[in-house]
Amino acid sequence: MVRPTTTAALKTVASWPDHLLTLGEWSALPELERGRCRELVDGVLVVSPQPPRHQLAVWRLAAQLEPALPRSVAALARIELVIDDGTPPTVRVPDVLVVGGPAGAAHADRVAPADVLAAIEIISPGSRRTDRIMKMTEYAESGIAEYWLLDIDGAVRLRTHRLEGGRYAQTGEHTGRVTLELDGLSIPLDLDALTALRTAP
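Criteria and cut-off values
- Residue numbering note: each chain is counted from 1, following its sequence as written.
- Side-chain atom pairs in this predicted model are given and counted only at pLDDT of 80 or more, local residue features only at pLDDT of at least 70, and totals for whole chains, interfaces and linings cover all residues.
- As a convention, hydrogens and water are excluded, and side-chain values are obtained from all of the structure's heavy atoms.
- Within this scheme a cavity is a closed region of a 1 Å grid, computed over the protein atoms alone, that accommodates a 1.4 Å probe without allowing it to escape, whereas a pocket is open but has protein on both sides within 12 Å along at least five of seven lines; lining residues each have an atom within 4 Å of a point.
- Grid points are joined across faces, edges and corners, and a volume is the space filled by probe spheres set on the points.
- Each residue is assigned to one class: nonpolar for Ala, Val, Leu, Ile, Met, Phe, Trp, Tyr, Cys and Pro, charged for Asp, Glu, Lys and Arg, and polar for all the others, Gly among them.
- Should DSSP find at least two bridges between two strands, the strands are taken to pair.
- Numbering of helices and strands runs from the N terminus, with a helix taken as a DSSP run of H or I at least four residues long and a strand as a DSSP run of E at least two residues long.
- The span one expects for a helix is its residue count, reduced by one, times 1.5 Å.
- By definition, a residue's bend is the angle between the axes fitted to the seven residues ending there and the seven starting there.
- Between buried and exposed lies partly exposed: a residue is buried under 20% and exposed over 50% of the maximum accessible area for its type, with that area taken using a 1.4 Å probe on protein chains only.
- Salt bridge, as used here: a side-chain nitrogen of Lys or Arg that lies within 4 Å of a carboxyl oxygen of Asp or Glu.

Our next topic: empty space enclosed by the protein. Tallying each qualifying case throughout the model produces one cavity of 30 Å³ or more. Quantified by volume, the largest cavity comes out at close to 30 Å³. Lining the largest cavity are L61, I120, W148, L150, L158, L189, L191 and L194. Residue composition of the lining of the largest cavity, by class: eight nonpolar, no polar and no charged.

Following this line, the structure appears as structure tokens:
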């Protein structure tokens, strides 16, 4: 991994927004280079690295989910979830969202919590506290019915949570091959395959 020089790092800091961003300013930001995720938290721009193993798991998870979903529901990777469109706004970019209704049918690139059947985050070294505490609270307060946390550090483990009384209650911890229930749908997953290396022919 190539790390930025001190000069490059200082230039990045110098060009960072010096005020809380509006939703319009957030929307106007240029695309990030591959391997980084950008979110907006109470108007503050937050950028975090996405290691290759993490990226691989994101796309493989979405690909596994898609065949089990009806046409009106979609598994969408790295799309914007507007938690709060007020001032200042909060926009999260979950690793994978299972989205229903018109937003799911249209494969929207920005959704509201009411569109989401499940939010799925893949824990990385720089996101453990955010995924386990901050996002869990935000998604619960937004009324998202299911929150799944995938840990790919070592053996792949998936913890599933369901909203009960305004808070998430853990409903299971899963490894290997598993079939999960989501909004009346049966979702088969092969968790080990999310990070498995390809074998040579």
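Both strand β9 (residues 146-151) and strand β10 (residues 157-164) contribute to a ladder of six bridges, which runs antiparallel. By the bridge assignment, D151 is partnered in β10 with R157. The antiparallel hairpin formed by β9 and β10 contains five residues in its connecting segment, where G154 sits at a positive phi of about 85 degrees. Pairing of β10 with strand β11 (residues 167-174), which is carried by seven bridges, proceeds in the antiparallel orientation. Looking at the pairing, E164 lines up with R167 of β11.

Here we come to helix α5 (residues 128-141). Under the 1.5 Å per step criterion, the end-to-end length of α5 is 19 Å for 14 residues, consistent within 8% with the ideal 20 Å. Bending of α5 peaks at approximately 35 degrees at the position of K135. Turning to α5, its buried residues are D131, K135, M136, E138, Y139 and A140.

On to the pattern of salt bridges. Pairs can form between side chains of opposite charge once their charged atoms are near each other. For the structure shown, the criterion picks out 14 salt bridges. Put simply, R110 and E80 hold a salt bridge, and the shortest N to O gap is 2.7 Å. Residue R110 is found in strand β7 (residues 110-111), and its partner E80 is found in strand β4 (residues 80-84); the two are separated by 30 residues along the sequence. With relative accessibility at 32%, the residue R110 sits in the partly exposed group. Note that E121 and K135 form a salt bridge whose closest N and O atoms lie 3.0 Å from each other. Taken as a pair, E121 in strand β8 (residues 116-123) and K135 in helix α5 lie far apart in primary sequence, 14 residues in all. A residue is classified by how much of its surface remains accessible, and E121, at 2% relative accessible area, is buried. Here the salt bridges share partners, and the residues they tie into one network are E39, R92, E121, D131, K135 and E138.

Without other data, these values stay purely geometric and don't point to any function.
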